[in-house]
Each structure stands twice: as structure tokens, then as C-alpha cells.
Amino acid sequence: MNAIKPAKGLLALSQQDELMDLPGTYPLSASEDEGDSDGERKHQKLLEAIGSLNGKNRWKLPERSEASLKVSEFNVSSEGSGEKLALSDLLGPVKASSPLAAVRKQLSRIKSKKTLELPLNKGEVEQIHREAAFSKTSQTLSKWDSVVQKNREAEQLVFPIQKEPSSSFAPMEHMFRDWKARTPLEQEVFNLLHKNKQPVTDPLLTPVEKASLKAMSLEEAKIRRAELQRARALQSYYEARARRMKKTKSKKYHKIVKKGKAKQALRDFVELTKVDPAAALEELEKIEKARMMERMSLKHQNSGKWAKSKAIMAKYDLEARQAMQEQLAKNKELTQRLQVASESEEEGGAEEEEALVPDTVNEVQVNADGPNPWMLRSFSRDTKEDEVQEDSEQLPEPATHEFAESEENEKPVAEEDVLLKEFEERRYLRKQSELKQDAEPVGGQETKASTSQEVLSELRALSKKLKKENHLSKEQKESSAKNVPLVQEEEPAPEEEEPLLLQRPKKVQTVEELEALGEEDCLPNKELPRPTVEGEQMRKNPQSQPKGKSKKEQMISLQQLLTTRTPSSTSLAVPTTVEALDDEVERDQKQMIKEAFAGDDVIKEFLKEKREAIQASKPKDMDLTLPGWGEWGGMDLKPSAKKRRRFLIKAPEGPPRKDKNLPHVIISEQRNIHAAAHQVRVLPYPFTHHQQFERTVQTPMGSTWNTQRAFQKLTAPKIVTKPGHIIKPIKAEDVGYQSSPRSDLSVMQSNPRQHSKHPKQLKKNSRD
Amino acid sequence: METAPKSVRGVPPGKNKPQAKRKKPRRYWEEESAPPAAGASPGPPGKKARTREPRPQRSRSVHLARAARSSKKPQIARNASDRKKPRRTLSGAQDPFPGSAPAPVEVARKFCRIDKSGKLPHPKPKTRSKLEKAEAQEEEASVRAARAELLLPEDPGFLEGEDGEDTAKILQTDIVEAVDIASAAKHFDLNLRQFGPYRLNYSRTGRHLALGGRRGHVAALDWVTKKLMCEINVMEAVRDIHFLHSEALLAVAQNRWLYIYDNQGIELHCIRRCDRVTRLEFLPFHFLLATASETGFLTYLDVSVGKIVTALNARAGRLGVMTQNPYNAVIHLGHSNGTVSLWSPGVKEPLAKILCHRGGVRAVAVESTGTYMATSGLDHQLKIFDLRGTFQPLSARTLPQGAGHLAFSQRGLLVAGMGDVVNIWTGQGKASPPSLEQPYLTHRLSGHVHGLQFCPFEDVLGVGHSGGITSMLVPGAAEPNFDGLENNPYRSRKQRQEWEVKALLEKVPAELICLDPRALAKVDVITLEQQKKERIERLGYDPDAKAAFQPKAKQKGRSSTASLVKRKKKVMDQEHRDKVRQSLEQQQQQQQELAKPARARPSALDRFVR
């Protein structure tokens, strides 16, 4: 600063001097002559003045010659030094080393720095600190997550926690420390070992090996590597994302670019028409093509999603309306025929007609015709199924006929045998066909077809049977109400049923038939020889009776269920008593009488009972009709059917009965409440479905069902504590972590003051 | 319900006989040097070699069990100490059989009880870990049980004919000649013509026999040693006789009321609420005495507290046929209208009613695993029903005279008493119903059969008839290995008392009797759903329901109404697609199921497939 001041002073002085001089320069030029010494100088001045008269630099000021009190700041000139004066020179230090550098730095810093923001208010600052502290703490604690998880899932926890021994087994030499080589052989061996510098006693490992063991463990290295990998991956993700973000531009940007392009194109075209009309014509064609495309695509008609939304908004929003209009205008502009091309008016009319057609129509059509994969698939499947069914209906007919014929030819006594044989035959056939397939791939299809036929026929027979069962059960209800025999309808049925009737029982159709059958069926029983002297007679089979009525008999399965398909009783080696005691004979007679009268109505009664049980277990409908409400009421007047129908609340259909398909069984649907009281009725926590929970409790735990060891293991307590030991809180070392003082929770807890100070420090920093 | 084999646990060393106290406890090395018991010697060489002893001698089996126990204990101790010690030996020798002993998979499967047939809804990770743990436990327990099966030393007896020979033609005298003396002593006849046809009952251990004659003769004896415990005449008609939970108590259904005697023959109780009882059954795990009366009532009497649990009216007239299902403790009653009804004390109506015969039912018997039920009726038929849900008749045959009495043995042999003849049928394999074509054994008695029972843990069939009692040998009838803690035939008085206390502590409540005894391991779904419904009503919304999809707000115009709708629709479509896919799969499954019965059809023939 001191250096600058004198310079400025100087300047001021010289300028003042010049100002003083100026008025007297020209008019007083002659009077100023003072001496010879000044003569030359004066001459030069004169010359200059003359020179300056004709040019620009008329006002060239004289050089300061002597110090004066008044210095003008406007008349500073650099003429004397011969080079221009720069501001930096003025500011710069006079000497090479100057303290100005620091000032300049400050100056630049002030220039670059904006004004300081206001410090955040206290609450926000605290919030930020809390967030930071929370994230840091949670990160520290997350280290324990796996440990907690493991402990929760562990079958048994033993406290106090024992450190796992570093190596599961100690070297042999630890165990035999006192042992010394005594026998000569041992001594010799040890001598040999010593000579070769092998470790003999305690340090089983050579020093090198130990060092290698002490190096970073594999797990640590793995963890470190994984961390690095993760960081790298995260970085790359972030970079990629940033790149992507950088590329994306706003809508407005795109709009402007588009407009600019369009204008540019127009300008180019105009120029082109001037320069090269032929090329312009080509360009024109191109534009025409674009127009055609546009017409085809209907892009700018009000059909798009954007346009539709705008159309909705147009009522209320001026901007939207404008946008729509713009679009329409654009559409017109694009679809307008160029003057050159416009030739026929009819087409235009057609266009208009087209335009009249609402766009939505097209869209709807598209939607309707659009290939919905689901619908398509279902359609195709239906058709396929139909075909298959037709096929199956056509194909297996002969097979079933065969069955029926063969059945009829055979005696029903050996029904089981027949079935067995059939089955074996079929199996054999199947095997053969498979073999054939293996052998000759060309003829494979036929065999396949044949096997599939068989399978199909079986299937079909079964399905028919099922259908019929349902059908019959329905009919049975009806018929039981009306007592109308339905024999004609059912007559064609039994032929087909025969082969498959072995086990599947069926309901009786009508009561009359049932009774009739009962009588019929009783006959064999009556004919059945009573226990008499000859055992041979008894071996007669009740089913080898005259079989005129066999068809009906087989149709009704309950009956069949109760009659036996008895194996031939020749096997009974020892015959019954030849001579019986008197009272035995009496008893036999009693039994005979019982037999004679029993059994006729057993089935009927049972069916009745079952029907009643079904009725009783059915949920009851609720009738809410109030007689006399809204109509006449009285002694013999019943509420109208319409009203009753209206106020009848139908009970929901319950689940199907367990004995639905078991005609000879009544299973009670009543719930055993007393037993249910012992059952679990609330699902425990992690389970969402009762099946899951049931699986975990199905294994019995008691010693009755398990061996002693398994029982002990199954009932082991979840937590075991050793009496008389202090259970300390878990430490990082206990679970195999390397404890670092920073990350350990225990450390954080031990000095909470430090932790609380933390925000203050942060505050300080922010103020700085 | 199979229980883990436990023959080992039962016999604490030294308690069995007073001799053992004085003697040094035997060790396994001593056992080896000791000569085996004399029982193993086959019959005379000149005789037909077709029979084997029906059961090896008892005493020997006990020795084996003890030996196994004593040799096991130190093993375990050694194992525990082994773990801490290093594995390698100084010599460098290695264990030729490293690891634990292999367990037979087939056997282990028998002990697996988790039903994996049903489909499980996809579990969350937490649940999955629990499921996995349960499965691991099951596997470990089953493997251990399978390994312990090695400790069941005895094999069941059998009887084989020489080629082409019918075993039914082998007489009891032949068998008795072929077997060893101890076994032969188990065949005997008690000639008691004076007091009419006899009913009989073996105690649960199979050691004691109670017999009651129609004309008032009541006796209890240790039938193995033939030592009489008591013998009285009640001076009244005796309809049935049954041991209670132990051989110390004896229930007798007399003409008027039910009486309870102790093993001295002293009358302890007269229960007048059970009158005109015709049949008695005792449910050992529930301590219930079930009585069927002429008046048509089925009464359950809790003998541990002396109270009547329930009296159910069967509404089917006189009840003369009763048996219990040992699997689920359900009582089966046979009625004169050809039905068999199944009863539990908790339910007032029969659990199920099966129409079995055209005439009245004369006898019912249920197999020990609860799989099969045999019935015989007035229509001279003998039928075997499947009790696993379907109640279908599996096989049937007409007998010349009809069977008046039926009984199953522990290993599934079926005996039928017809007049003065008993026929025994056996099944082809294990857990298969007895095939009624060819009898396994037949025997003729001196009188008409009035009571039948197989002796537990002995290959012996006891038959009560008008001429007394006959004990006949039936090789392969009984379970060869007994559970020493449950039914120990050799238990002392002290042991019996201890067992009694334990059994009383483990008593099963009567209301738990139902058709499926594993129902306790199931969740009460009805109550669960009802509670859920109530909760929803209370809260006004379903807390467990999945929230509707709400699209996230996005920036840069992507959160416009249109795009929101689009995103919503996308999710909806996805869900819909999933639903459709599921339903399609279900349809396919149904179709397959429909198609299956054609294949599953030969279920009747399955018994021939081996």
C-alpha cells in the first residue's frame, strides 16, 4: 500500500500541472519564451503543435516536466516509458515480492463465493443429527441380525455361552506331555527325528507353518473381498443410472427441437425451390408421401390416448382446447391434398364420409377381434374335447359288447376269476403293444390307438356308470315320492354295467323293485340247504342258482353287497357236527325260523333310516312369512305361494355327506364337541394355514412312541442355564466376530456421553 | 399306532426274581458263555419236520432283553466320552465302521407319522424352517426307532405244510408232539361239564385267565403255571367275565347286575346301574368298562373313579354282540337288523352304522390295527370289512353253519367258532386281511363254542365251550415281542403297582374317543374359521386380507392418470391370469382323477399283486 501511495501522488501532481498549463499553451506561447536553453524545446513543441493541427491527436498533451502541486488524473500518459500502462501494473507490487498476493487471493475468493446461507433452525439440525445417528447405529446393530436369527431358530441355547475351542482336537503330544522315550527303539526314532529337525514334542508345527496359520483367515479374506465387490457393483449401478438420467430430456426440450426441425426443413425447401426446382419436386413428393402415411395412420385424429384425455379436459381447460385444435389443424394440414394432386372431388367426399365414422367403432372391432389367448385356447379345447368324446363314443362300443357277451357266457360263480383273466389279458395286450411300439416305430400308432381305445372304453364305461348313478339316485327320490316304477327306462342299463359291477355298490331304484328283488333273493336263501348231516350240500353256491333273474339282481348293488360271491366251500376241511345235542338242535331250529323271517325288510328299513338321517342333517330353510300380513288371514287361509317364496330364506347347501357314495353306511355328521374342545383352535404365530401347523404336531413326542434317546432329544429344553454361572451379555468374540471398538455396541453403550456430545461437534463444524 | 419297540426298557435288572438280588448281575460276556435255554430244541428227528415251536421259551427272551439292556448302557456312556477325545489313535488305526450304524429305510418308514399326502400351501421362510425342523425330528426319531428294532429278539412262529399238504389237517396232537415241552404244556383241556358253557378272558399281559360258567362258576388262574387264584360260585347265571386293567380286578356280568371281584374272589362292588349286562369290554387306555345290556343300553363305567360316564340307548333292542376296536377304542355293536353300529361315549348317536348282513349279526371282531372287521350273521355268512373310511366288504364266504363267535389275534389271524368246531384263517402277508378260502387250522371241541380269545403274547387260543375250556396252540398267532413297560407278563406285584400308577397318570379322557384317533393332532378348523369370521365382524375389515394394489407415485409425467390406470390393470391382469392358470390346472387334475379310477379299478385285485 505504501508503494502505491507515492505513485498516486505523483500522478496527481503531474496532472494538476498539466491542467494549469493548458490554458496558457497556445495564447501565451510567445510570452513564455524564457531563454536559449529553452529554445530548442520550444521549437519542438511548436513543431508538434503544428503537426497536431491537422490530425487526430491534436490534444496531445505535453510531457510533465516538473513537479507541481496540482496533478490531473485525466492526463496520465505513458509516453515516457514507451509502453502502455495496465491496471495490473498499478496494482502489482513494485518490487517482485509483495504481500499483495494474499490480497488478490482474498479478492478472487470473495468474487467466487456466494453469500453464506442462513444456519438451519435448531429443530431441523437436531433431526438431521438424529437421522445420522440412527442410520449409524442401525448399521452397527445390523451386524447382529444373523446372530439373533440363528439364536431364535436354534433348538437349544446353552448359557453362559461357551467359546468354541479353536481346534476341535488337540494334538496327540498335548495329551502325552510326560511321556518320554525310554526303550532303545523309541530313542533311536527320536534321534532320527532330531537329526532331521522335525518337531518332536510340543510345537507340532514348524514355525513357518504356524506363521502361515496366523495369517489372515480365509473367511476374513472372503468377507473383505465380498465387500469390495459389492462396493464396485454399487458404483457401477450408480454410474449407469447417472448416464441414463443425463440422456433423458424433458418434453419441452423435445417439443422445441421438433419445431426447430420443422422450421429448418421449411426454410431448406424454400431455398431448394430457388436453387434446384427438380430436387424440390422430389422433396415435394416425399412430403406427399408423408401425408399419405399420415392419412393412413390416423395419427393426428382425436383417437389417441392423449387426445382422448384432452377431449375430456377440453370442456374446462382452455389450454386443452387449444391443444386439441392445434392437433386438428395439424391433421387437416397433413391430410390436405396438395393442389397438384387434387384431381377428383369424389375421393374427398369419400374421405369425409370416412371421417364421419367414429374412431371408436374401429377400435372396438379391433378389440373384439383381437386374439385373446385365453378365449382362443378354451374354444379350441372345447372343440377338441368334443371330438374326443365323439371318438370315444364311436370306438369302444364293440369292446363293451364283447365284455357283455363274454360275461354272459361265463358263469357268474367265477366272476372274480373272469375279471382277473380279463385284466391279465388286457395287461398282456398292453405290454405287447408297448413292445411293438419299441420294435417298430412305424406301426406304433396303430397299437397306440388300440390301447387308447381300450383305455377310452374303460373310461367311458366308468363315466357312464357314474352318470347313471347320479341319474338313478335322482330318480329314486322322485320315484319314492310317486311310486312309479321306472323299469322301462332302466332296462337297457344292466348289460353295460355287468363287467364293472364288482365292487361299486348302487342304490335301489324303487321300493317295489326292491321288494321284488328281496323276494327273489330270498329264494336262494330258502333253497339254501340247512345245516344237515351232509356237508356236501352246503357247498352249493347261492349264486349258482337258476340265473333268470340275475340281471336285475346285479343291478341293485345293495342286494349284491349282502349276497355273497362265495368261494367254493370245498376248502372247508372239517365238516360240522354230525350228531348235535338236543338243545343245540333246538337252537338251530330257532335260528332257522329267524333266518326265514329275517332279511326281507332289512334293506328297506336301512334305506329308510338313512333317508331320515340325511333329512335330519340337512340345514333347515327359514320361513319368515307372516300369515294375514298384506292379505286376508283366517282359519283355512294359507299365505300365497308367491309370498311364501319371497319370505323363505334358503339355507346354504352344506358340504357333501361322507357316506354319499356308500349306500350301506350311515356316517354320523354330528360333531364331537367334547373332542373338539381338546383340539387346537388358534393357529400359532408363524403359521398361516392349519395344514402347516398340523404337520409340525403330527410326530408323537412321548416316551410311549419313541426310544429313550429320541424322547430326550425331542423334549430337550429350549434354554439351558448352568447353575452358579454368571450369564454375561453376548460379545462379538463369542460369536466369532472380530471386535472393533468402533462398531461394537457394547462400546457405544459404555460411554454414552461421548455419543451425546456428537451432535454438538457437528454443529460446531457446520458453523465453521 | 405302532409304538417304538421297547422290549428293552421293561425289565429292570434284578427286580424280576428274588434270585437276582443275591447273584451278581449278568454281563453280556457271561451270557455268551452260558448255554442257550433248552427251548430251541426241535421235535424228534423222526417226526415230520413241518412244524416249529410256536413260541420260544419265555425265560430266554427275558434274558436276552436284560442282556441287551446291560450292554447298552456302557455303550452310551462311552459314546459321550468319545466325543471329547481325539478320534485318531496313537497307533493310527481307524474305525472300520465309521459313523453311526445304518438304519433300514423300510423299517424307518413304518415309524414316520407325518402325513405328506395333502398339498401344503406355500410357506413363508419362518414357517418353512419350522416345518423342516419337524421333519428332521421325525426322521431322527424314526431312524432311532428303526435301529432299536434290532433289539426285538423274537420271531413269530409259523406252521408250514410239506409240499401239497393242507395245514388245516394238522391236528393239535401233531403240533404238541412236534414242539418243545414248555410249549406243549400250553395246550390243555379243562374238563368242566358241570357248570355249563364257559366264557373266558385273558388279562392284558396274557398271563392270567378268567373263566365264567353259565351256571355260576367263576375262576381266575395263572394259566401258565396253572396256579389257581380264586374259584367261586356266584350262585347266579354268569353272562360274561372280563379282567379290568390288571389281573387283580375282575368284572362279572351276572344275571341281574354287574359285580366286581378281586383276585381272591372277594366281591368288591355290585354295580346296580348296569343291570342285565350281556357283554363286557374294557378299554385299557381310557379305564372304561363298556357294558351292553339286554335293555338296549350301552353303558360306560370309568373304573378309575367309579363313575358312569354315559349310558347310551342304542334303540335296537337287546344288545348281545359287542367288541371294541383296539385302534381307536370305538365300541362295535351288532344288531338283529343286520347292522353294526360304532359308538363313542361322547356322541349320543352311533358314529357310523354299517349294514352288514341280511339277517341279524351274530358276532363281530376287529383286528388289532383297526383295519379290518369281521362279522358273521344269521345268513351264514362271514364277511371282512375295511374300516378305513369306506366300510366296504373285502371278502365274504358262506359257512355251513354260520359262525357264532369271532376273534382276531394280535397278528391278524381270524378264528371263528361254528358249533363245536373252530376254524382259523390267516392272511397272506403282513397287514393283509385273512383270506377265507383255506383255513389255516381247524379243531374240534368236545362241546359247543361259547367264548373265544387269543392269548396276548402267546401262540395260544383259548376256547370256552360247553365242555369246559380248551387252550390250543396256534403258531404265529401272537406278537412275539412284548413291551415290558406296558404289558409285562413277568412283572412282580410291585411292578404291577408302579405300572398302575403310571397308567392312571396317562389315562386318556373318555371324550377323545372318535373314529380317527389322530384327530387330536388336527386343528379345529370349524372353530378357527368361526373365530376369524367373528373377528372380521368385530373389526369391520379383514386384517389378514391382502391390500389392494396401489401404484406408486412416479415423476416426469409417468404418474399420469392413464399410466396409473395402466399399472393397476397390469397387476389385475396378472392376478387374473394366475387364477385362470390355477383353475386350468385344477381342471386338468380333475380330469386326471376322473381318468384314474379306470386304472385304480383293479383295487379288488390288488391283493393278488405282490
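Quick notes on the rules
What you see as residue numbers is a count from 1 along each chain, following the sequence as written. Numbering of ligands from 1 and lettering of chains from A proceed in the order in which they are written. This being a predicted model, a pLDDT of at least 70 is required before a residue's local features are given, and a value of 80 or more before pairs of side-chain atoms are given or counted; all residues contribute to the totals for chains, interfaces and linings. Side-chain metrics rest on all non-hydrogen atoms present in the structure, leaving aside hydrogens and water. Each helix is a run of DSSP H or I of at least 4 residues and each strand a run of E of at least 2, with the numbering of both proceeding from the N terminus. Throughout this description, buried means an accessible area under 20% of the type-specific maximum (1.4 Å probe, protein chains only), exposed means over 50%, and partly exposed covers the range between. Contacts: residue pairs with any heavy atoms within 4.5 Å of one another. Residue-level accessible areas treat just the shown protein chains as cover; the underlying method is Shrake-Rupley with a 1.4 Å probe. At least two bridges found by DSSP between two strands are what make those strands a pair. Note on geometry: axes are C-alpha line fits, over the in-contact stretch for helices, and angles between N-to-C directions span 0 to 180 degrees. To count toward a patch, a residue needs a relative accessible area over 30% and no salt bridge; like charges are then connected within 9 Å, while nonpolar side chains (Val, Leu, Ile, Met, Phe, Trp, Tyr) are connected within 5 Å. When a carboxyl oxygen of Asp or Glu lies within 4 Å of a side-chain nitrogen of Lys or Arg, that pair is called a salt bridge. This count recognises Lys and Arg as positive and Asp and Glu as negative, with His and chain-terminal groups excluded. Where a charge lies is defined by one atom per residue type: Lys uses NZ, Arg uses CZ, Asp uses CG and Glu uses CD. Two rings belonging to Phe, Tyr or Trp (six-membered ring only in the last case) form a pair when the distance between their centres is within 6.5 Å. Interplanar angles under 30 degrees mark stacking, angles over 60 mark edge-to-face geometry, and anything in between is tilted. To sit over a ring, a charge needs its Lys NZ or Arg CZ within 6 Å of the ring centre and within 35 degrees of the ring normal. Think of a nonpolar core as a cluster: buried Ala, Val, Leu, Ile, Met, Phe, Trp, Tyr and Cys residues, connected wherever their side-chain atoms sit within 4.5 Å. When an angle is under 35 degrees it counts as roughly parallel; over 145 it counts as roughly antiparallel; between 65 and 115 it counts as roughly perpendicular; any other value is oblique. Residue polarity follows a fixed list, in which Ala, Val, Leu, Ile, Met, Phe, Trp, Tyr, Cys and Pro are nonpolar, Asp, Glu, Lys and Arg are charged, and the others, Gly among them, are polar. Any N or O atom pair separated by 3.5 Å or less is treated as a polar contact, with the protein-specific requirement of one donor-capable and one acceptor-capable atom, and with residues adjacent in sequence counted only for side-chain atom pairs. Confidence scores here are pLDDT values: one per residue, from the predictor, ranging 0 to 100. Expected span of a helix, by definition, is 1.5 Å for each gap between consecutive residues, and there is one gap fewer than residues. Here the arc refers to the set of directions running from the helix axis out to each C-beta atom.

**A short note on the overall build of chain B**
- When helices and strands are tallied, chain B shows ten helices and 28 strands.
- Burial status across chain B gives 49% buried among its 610 residues.
- A separation of at least 24 residues holds for 50% of the contacts in chain B among residues at least 6 apart in sequence.
- Of the roughly 31,200 Å² of accessible surface on chain B, 53% is carried by carbon and sulfur atoms.

**Some thoughts on the sheet that holds strand β5 (residues 227-233) of chain B**
Residues and elements named next belong to chain B.
- Pairing is antiparallel across the open sheet formed by four strands, whose spatial order is β2-β3-β4-β5. Edge positions in the sheet fall to β2 (198-202) and β5, since each has one partner strand and no second. Within the sheet, the average angular offset between the axes of one strand and its neighbour, ignoring direction, is 15°.
- As paired strands, β2 and strand β3 (residues 208-213) are joined by five bridges and run antiparallel to one another. Each bridged residue has a counterpart across the sheet, and for L200 the counterpart in β3 is L211.

**What about a positive patch on the surface?**
- On the surface, a cluster of positive charge is made up of K305 of chain A together with K552, K554, K556, R558, K566, K569 and K570 of chain B.
- Counting residues per element, the positive patch draws most heavily on helix α10 (residues 561-600) of chain B, which supplies three residues.

**A word on the sheet that holds strand β23 (residues 414-418) of chain B**
All names here are of chain B.
- With antiparallel pairing, four strands are arranged side by side in an open sheet as β22-β23-β24-β25. Each having just a single partner strand, β22 (405-408) and β25 (441-444) make up the two edges of the open sheet. If you compare each strand with its neighbour and ignore which way they point, the axes differ by 15° on average.
- Where strand β24 (residues 421-425) and β25 come together, four bridges link them in antiparallel fashion. Counted as the bridge partner of I424 is L441 from β25.

**Thoughts on the pattern of salt bridges**
Residues and elements named next belong to chain A.
- Evaluation of the coordinates by the stated rule reveals 21 salt bridges over all chains.
- For R243, the salt bridge identified is with E239, shortest N-O distance 3.9 Å. You can see R243 and its partner E239 sitting in helix α10 (residues 218-247), four residues apart, about one turn around the helix.
- Measuring nitrogen to oxygen at the nearest pair gives 3.6 Å for the salt bridge that ties K643 to E631. With K643 in helix α28 (residues 641-646) and E631 in the loop between β2 (622-623) and α28, this pair connects stretches of sequence that are twelve residues apart.

**Some words on the packing of aromatic side chains**
Residue and element names in this part refer to chain B.
- One pass over the full model with this rule turns up seven aromatic pairs over all chains.
- An angle of 70° between the planes, with centres 6.0 Å apart, marks the rings of Y202 and W223 as edge-to-face. Of the two residues, Y202 is situated in strand β2 and W223 in the loop between β4 (217-222) and β5; the sequence distance between them amounts to 21 residues. Across this residue pair, the class does not change: Y202 and W223 are buried.
- In textbook terms, an aromatic cluster arises when at least three aromatic residues are bridged by ring pairs, as seen for F188, Y202 and W223.
- The ring of F285 has R204 lying over it, and the distance from NZ or CZ to the ring centre is 5.2 Å.
- The aromatic ring of W499 is capped on one face by R491, whose charged end is 4.7 Å from the ring centroid.

**Notes on a negative patch on the surface**
All names here are of chain A.
- Where like charges cluster on the molecular surface, the negative patch consists of D268, E271, D276, E282, E283 and E285.
- It is helix α12 (residues 277-297) that provides the largest number of residues to the negative patch, a total of three residues.
- In this fold, E285 is placed in helix α12.
- Under the relative-accessibility criterion, E285 is labelled exposed at 59%.

**Considerations on the nonpolar core**
- Core analysis: the largest hydrophobic core is formed by 35 residues, its most contacted members being L298, Y300, I331, L333 and M373 of chain B.
- At the level of secondary structure, the elements contributing two or more residues to this core comprise β4 (665-667) of chain A together with β11 (288-293), β12 (297-302), β14 (321-324), β15 (331-334), β16 (339-343), β17 (352-355) and β18 (361-366) of chain B.
- Beyond its immediate sequence surroundings of up to four residues, M373 of chain B is in contact with H332, V340, I354, C356, V364, A365, V366, K383, I384, F385, L387 and F408 of chain B.
- Judged by nonpolar contacts, the second largest core, of 34 residues, contains I175, F188, F454 and V474 of chain B.

**Regarding the packing of helix α11 (residues 251-275) of chain A against α12 of chain A**
All names here are of chain A.
- In contact at an axis separation of 6 Å, α11 and α12 are set at 140° when each is read in the N-to-C sense. Classed by the angle they form, the pair α11 and α12 counts as oblique. For the pair α11 and α12, the contacting residues are F269, L272, T273 and V275 in the first and P277, A279, A280, E283 and L284 in the second.
- Classifying every residue of the contact of α11 with α12 by side-chain character gives seven nonpolar, one polar and one charged.

**Notes on unusual backbone geometry**
- In this structure, the amide linkage connecting F159 of chain A to the following residue, P160 of chain A, adopts the cis form with an omega of -5°.
- With respect to the secondary-structure elements, P160 of chain A resides in the loop between β1 (157-159) and α7 (172-175).
- Here F287 of chain B, not a glycine, exhibits a phi torsion of approximately 55°, which is positive.
- Tracing the backbone shows F287 of chain B in the loop between β10 (277-283) and β11.
- Relative accessible area serves as the criterion here: at 1%, F287 of chain B is assigned to the buried category.
- With a phi close to 65°, F457 of chain B is a non-glycine residue in the positive phi region.

**Concerning the pairing of β24 of chain B**
Residues and elements named next belong to chain B.
- Counting buried residues along β24, five of its five residues qualify, which places the element largely inside the surrounding structure.
- Because side chains alternate across β24, one face comprises the buried residues V421, N423 and W425, and the other comprises V422 and I424, equally buried.
- Relative to β24, β23 runs antiparallel, the two sharing five bridges. Residue L414 lies in a different strand from β24, and its bridge partner there is W425.
- What sits between β23 and β24 in their antiparallel hairpin is a turn of two residues, with G419 showing a positive phi close to 60°.

**So, the side chain of Q172 of chain B**
All names here are of chain B.
- Counting through the fold element by element, Q172 comes out in helix α6 (residues 172-178).
- Take Q172: its relative accessible area is 5%, and that puts it in the buried class.
- Polar contacts involving the side chain of Q172 include one to the main-chain carbonyl oxygen of L473, which spans 2.9 Å.

**Digging into the confidence of the model for chain A**
- Of all residues in chain A, 47% attain a pLDDT of 70 or more, and the chain-wide mean is 67.
- This model gives residues 564-581 of chain A a pLDDT under 50, and the stretch forms 44 contacts once residues within four places in sequence are excluded.

**Looking at helix α5 (residues 122-142) of chain A**
All names here are of chain A.
- With 21 residues, α5 extends 30 Å between its outermost C-alpha atoms, agreeing within 8% with the 30 Å of an ideal straight helix rising 1.5 Å per residue.
- Restricting attention to buried positions, one finds in α5 the residues V125, H129 and T140. Seen along its axis, α5 keeps its buried residues to an arc of 40°; they face one direction. More than 90 degrees from the buried face of α5, the exposed residues found are R130 and F134.

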